[in-house]
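# Chains, contacts and geometry: an overview
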Amino acid sequence: MAPASHSILPELRIMTERETLTASHWGLFYALTKDGRLTGARPFEKDCAPSPNLEDIASLPYAEARILEPMVRRSFLERGKDSRADRGNDSYVPVSWDKALDLAADAIRSTYRDFGPSAVWGRSYGWKSPGSVNNSIALLQRLLNLMGGYIETGNSYSTAAIGTILPYALGIKDPRSTGWDTILEHTERIVLWGCDPLVTNDIDWTTTLHEGTEIFRSLKGHPRIRTIAVNPVCPRTAQEIGSQWIAARPGTDCALMLGILYVLIKENLADEAFLSRCTTGWPELRSYVLGDEDGIAKTPAWAAAESGVPAHDIEALARDMAAHRTMIMFGWGPQRARYGELPPWMAVALAAALGQIGLPGGGIGTNYHYCNGGCPPGTGPQLGQIPSRVPPAVPVVHPWKGSRAVPVARMADVLAHPGKVIAWNGSRIEYPDVHLVFWAGGNPFAHHPDTRRLEEAWRRPDAVIVAESFWNATARHADIVLPASTFLERTDITPIGTYINDGIVLMKQAIDPIGGSKSDYAIFSALARRLGLEEPFTEGLTEAEWIRKLYEDARSRSLASGLKTLLPKWESFEKAGVILYPHEKKNEGYVAFADFRRDPEAHPLKTETGKIVLYSERIASLGYADCPPHPAYLKPYEAYGNAEHAADAAALRNPEGGYLQLVSPKSDARLHSQLNAVTFRKSQIAGREICLINPADASLRNIATGDVIRVSSLRGAILAGAVVTDSVRPGAVVVHHGGWFDPQKVEGEALDVHGSSNVLTPDDPASSLSCGNIASTALVQVSKWTGTAPEVKVFEPPEN
Ligand SMILES: Nc1nc2c(c(=O)[nH]1)N[C@H]1C(S)=C(S)[C@@H](COP(=O)(O)OP(=O)(O)OC[C@H]3O[C@@H](n4cnc5c(=O)[nH]c(N)nc54)[C@H](O)[C@@H]3O)O[C@H]1N2
Ligand SMILES: Nc1nc2c(c(=O)[nH]1)N[C@H]1C(S)=C(S)[C@@H](COP(=O)(O)OP(=O)(O)OC[C@H]3O[C@@H](n4cnc5c(=O)[nH]c(N)nc54)[C@H](O)[C@@H]3O)O[C@H]1N2
Ligand SMILES: [Mo]
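This structure is a prediction, so every number in the text was calculated from the model and none was measured.

## Focus: the site of ligand 1
Among the 30 residues in the neighbourhood of ligand 1, the closest are listed as Ser129, His447, Glu468, Lys666 and Ser673. Separating an oxygen atom of ligand 1 from a backbone N or O atom of glycine 441 is a distance of 3.2 Å. Glutamine 674 is positioned such that a nitrogen or oxygen atom in its side chain is 2.9 Å from an oxygen atom of ligand 1. Notes on ligand 1: free accessible area 920 Å², of which the protein chains cover 98%. Counted by class, the shell around ligand 1 contains 8 nonpolar, 16 polar and 6 charged residues. Taken domain by domain, the makeup of the shell around ligand 1 includes at least three residues from each of domain 1 (76-155 + 392-487 + 516-539) and domain 3 (646-784).

## Quick look at the nonpolar core
Ranked by size, the top nonpolar core spans 117 residues in total, and within it Trp193 and Leu350 carry the most contacts. Excluding residues within four positions of it along the chain, leucine 350 makes contact with Trp193, Met257, Ile260, Leu261, Leu264, Met321 and Ile328.

## Some words on the UniProt feature "domain: Molybdopterin oxidoreductase" (unreviewed entry) in the protein chain
The positions UniProt marks with the feature "domain: Molybdopterin oxidoreductase" (unreviewed entry) are residues 66-529. Helix makes up 35% of residues 66-529 and strand 15%. Its end C-alpha atoms lie 27 Å apart.

## Quick look at the site of ligand 2
Asn231, Gly251, Asp253, Arg336 and His672 are the nearest of the 30 residues found near ligand 2. In this structure, an oxygen atom belonging to ligand 2 sits 3.2 Å away from a main-chain N or O atom of glycine 194. Serine 667 is positioned with one of its backbone polar atoms (N or O) 3.1 Å from a nitrogen atom of ligand 2. Burial of ligand 2 by the protein chains amounts to 97% of its free accessible area of 900 Å². Classifying every residue of the shell around ligand 2 gives 15 nonpolar, 10 polar and 5 charged.

Cut-offs and rules
Residues numbered from 1 in each chain as written. Chains lettered and ligands numbered in written order. Predicted model: local features only at pLDDT ≥ 70, side-chain atom pairs only at ≥ 80, totals over all residues. Heavy atoms only, no water. Near = heavy atom within 4 Å. Polar contact = N/O pair within 3.5 Å; in protein donor to acceptor, adjacent residues only side chain to side chain. Areas by Shrake-Rupley, 256 points an atom, 1.4 Å probe, with all protein chains shown as cover. Nonpolar A, V, L, I, M, F, W, Y, C, P; charged D, E, K, R; others polar. Domains from an automatic or database assignment. Core = buried A, V, L, I, M, F, W, Y, C linked by side-chain atoms within 4.5 Å. Buried < 20%, exposed > 50% of the residue type's maximum accessible area, 1.4 Å probe, protein only. Contact = heavy atoms within 4.5 Å. UniProt positions renumbered as here; feature names shortened; annotations may be inferred. Helix = DSSP H or I, 4+ residues; strand = E, 2+ residues; numbered from the N terminus.

And the structure:
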């Protein structure tokens, strides 16, 4: 604590300046306060690469868009569920906490009474804030499980396609990556394929010390390691560390990799010994590459025509990868697309053909860009969270209707089409009939594709309850809005690191709750009380007692297992605020798939053949038209060169130069939609979310940096601010994910006047295998906006 400074009237008011250690997705930091108000943030001294976004976090609680009191949608208050069609077009009325909680409890009680748990969408997908007690999603699910359950979901919006295909190909969803210590010792080439680690490693699902960021930065000018980025957008990582940029068209990675495989085969560079010893299905894939299967030889010239990467660059890349110890660092951008299973599967095939899987520093890793993947983990107990999987505390009378679990990214489809049957990774799923939606800690109006379709589907359920801190579009589409305090306004505890397990930090409360907001624990305990579930919900513990319990549980586990790092007594931990785990030699030198490579029979993979699978009999037996049994290049409906196949081809052709391919990657200024409430002013152009466009495409359309532009697809239209830049390839445009959705009627047209990319994306499944969400695979037209530019209103509270 800093010394108190003097005020003019010291007898009336003592000015206090404080530093409080806490933790966010962007890392640990000291919250600086003066007179109870946040004034800034100072990074934690052990943070290897503090986030540039910390200052914005310190202003977040005071955003104008902050929800200050419980609110109910006006016509819901008057007409209840009969007013559901007004969602998104209504005003809000402030009510007391008692009133809001009574209404929410009524909606929950009546849904379970009339329809049972299969009518409840309680998955509440989202990134909330760290905190193992005030984990809004766990708290919501804990409450709903006590009521009898809710519709379970599979997959995520992050890794649906890759996490579904890798078990077929490698026998594991998310293989541990070869350690960075090994990479730094052995690797000669790093291919950043569809990833931007200096952007995406800025955050962690828990919190972070940014070890990965520091290592990636150290690759700049490295004497041995050369880096190459394959991406339609020149990633910030490549710009910072000086990588070669291979600017492939979006969605053409498989074509590009097929061209590389062709060169490897023709020039005897494919490691046939490894392929026959460690894989199955290479003969089938090889014949596809050579064109024996479909009559198309996947030559570099063919690959060049698809990907836009010159044939000689493809040849050079193939030879360079084969001649050097090469690690393919595969990101998750390419798999959030139609047929998104195929690029990661093809990348596994490419790594197998290079024959370096299981060698130190070679092969493929799929999480170097995320949560410090590849960093050797520390040694210590994992902190748990408040349990959400609790048995029902009341009798469940209604039989379950529909399937118990659905693919998470079919959410809008589920809301819209109860009873619909779909295929999903070998099973048949029947959608339940949703009557109640409850979200706490996620922003579906930012994360789900095709926002306009979501808006329609969202108007079907009888009631929508949202616990949020900000007036984003999800709050603006709710019936009952419960104001949650931010993590800076409550105390909590969190582990440090998703893959890396760096320790535990106490997130001490820095400021009082803003307005009438309450912690999620307080909100859900109050709801539990109204539902007669207070005792099983709280187990008689306060928020502070839960925090201590989670710590004591971790401590006794560590004592029982004789772990070297014993956690200190609670009192010492509370005083220190943080414990960091030591890094041990035994966690270093890890080489992924080394045992398997040495002796595949003794260390079989958990795949259908025990080997790396390049042709899957199991996938073949499913007979899905949208997921072939070996990695292949399939062209989606809305792809480069495919406008003529689109339902309304004319709408996609505009006189000023035709359609462009949309890419919507992560923003370095946000975590999805989080922080936009405070960053919008400095990150906007022309008062809106930016759209990156190549000079060639911009000049065809008479667009200059700073112009307001209209970007539209078959699904909807947004306004954005143009940034003309060489860092996006011709034919592609970028609207980063997570800009807030601000729907307005402008000259008779329904427009999002701020620039949320998901207004443009299609809500199609990646394929019947994963049913994953799609963030790219959209054709858009772009034109200069010549009308009057409407004011963005979404960062102010809605009307009363
Ligand atoms: N087009 C496109 N779409 C995408 C992606 C893409 O790249 N492009 N990425 C996808 C991916 S990978 C993901 S994971 C999803 C992410 O989608 P989300 O996780 O839904 O996005 P966030 O903006 O992080 O939403 C978290 C919400 O929780 C609120 N919140 C924060 N802390 C608390 C708290 O303590 N209590 C409560 N009650 N609320 C809190 C925040 O204000 C915010 O509104 O988006 C997906 N959608
Ligand atoms: N700053 C910040 N960091 C984050 C997040 C955030 O919102 N902000 N979100 C976090 C979350 S939840 C997740 S799941 C991870 C996601 O990590 P990723 O999914 O890897 O991140 P994205 O930005 O969606 O995509 C990575 C890259 O893929 C590129 N890309 C898009 N389409 C294609 C394609 O067809 N081919 C190729 N070769 N490249 C393509 C994009 O331009 C982008 O640079 O990031 C995490 N980190
Ligand atoms: Mo994600």
